[in-house]
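Coordinate analysis (summary)
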Amino acid sequence: MATYKRTELEALRRRCVELKDQGWPQNRIADAFGLSQAWVIRTLTAYRRRGPDALASRKAKGKTPAL
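As the structure is a computational prediction, the values presented were derived from the model and not from experiment. (Residues numbered from 1 in each chain as written. Predicted model: local features only at pLDDT ≥ 70, side-chain atom pairs only at ≥ 80, totals over all residues. Heavy atoms only, no water.)

Thoughts on the overall build of the protein chain
Tallying secondary structure elements over the protein chain gives 3 helices and 0 strands in all. With the C-alpha coordinates aligned to their principal axes, the bounding extent of the protein chain is approximately 45 × 25 × 15 Å. Going through the 67 residues of the protein chain one by one, you find that 25% of them count as buried. Total accessible area computed for the protein chain in this model is approximately 5,200 Å², and 51% of it derives from carbon and sulfur atoms. (Helix = DSSP H or I, 4+ residues; strand = E, 2+ residues; numbered from the N terminus. Buried < 20%, exposed > 50% of the residue type's maximum accessible area, 1.4 Å probe, protein only. Areas by Shrake-Rupley, 256 points an atom, 1.4 Å probe, with all protein chains shown as cover.)

In structure tokens:
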């Protein structure tokens, strides 16, 4: 799987939805961006359930760093 910065992921999620709306199959979308098919499926499922808000970039969850 390709490595993307968190700032790039929102645009990538939006592009995945655009391509799916154009009729691209999920495996082709995954191959085009070097993603796993599971990542694409999760992204499209979240979009179907929660709409465009699901594609927005969010701050990472987890413990605040000590430093």
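Still more ground to cover, so stick around.
Points about the packing of helix α1 (residues 6-21) against helix α3 (residues 37-50)
α3 packs onto α1 with a crossing angle of 80° between their chain directions and a minimal axis gap of 10 Å. Regarding the angle of α1 to α3, the classification is roughly perpendicular. Contact residues: L9, L12, R13, C16, V17 and K20 in α1; W39, T43, L44 and Y47 in α3. Partitioned by chemical class, the residues of the contact of α1 with α3 number 7 nonpolar, 1 polar and 2 charged. (Axes fitted to C-alpha atoms, helices over the stretch in contact; angles between N-to-C directions. Parallel < 35°, antiparallel > 145°, perpendicular 65-115°, else oblique. Contact = heavy atoms within 4.5 Å. Nonpolar A, V, L, I, M, F, W, Y, C, P; charged D, E, K, R; others polar.)

A look at a positive patch on the surface
The grouping of K20, R48, R49, R50, R58 and K61 at the surface amounts to a positive patch. Among the elements that take part in the positive patch, α3 stands out by supplying 3 residues, more than any other. (Patch = residues over 30% accessible without salt bridge, like charges linked within 9 Å, V, L, I, M, F, W, Y side chains within 5 Å. Salt bridge = Lys/Arg side-chain N within 4 Å of Asp/Glu carboxyl O. Lys, Arg positive; Asp, Glu negative; His and termini not counted. Charge placed at Lys NZ, Arg CZ, Asp CG, Glu CD.)

Functional significance is not addressed by these values, which are geometric in nature.
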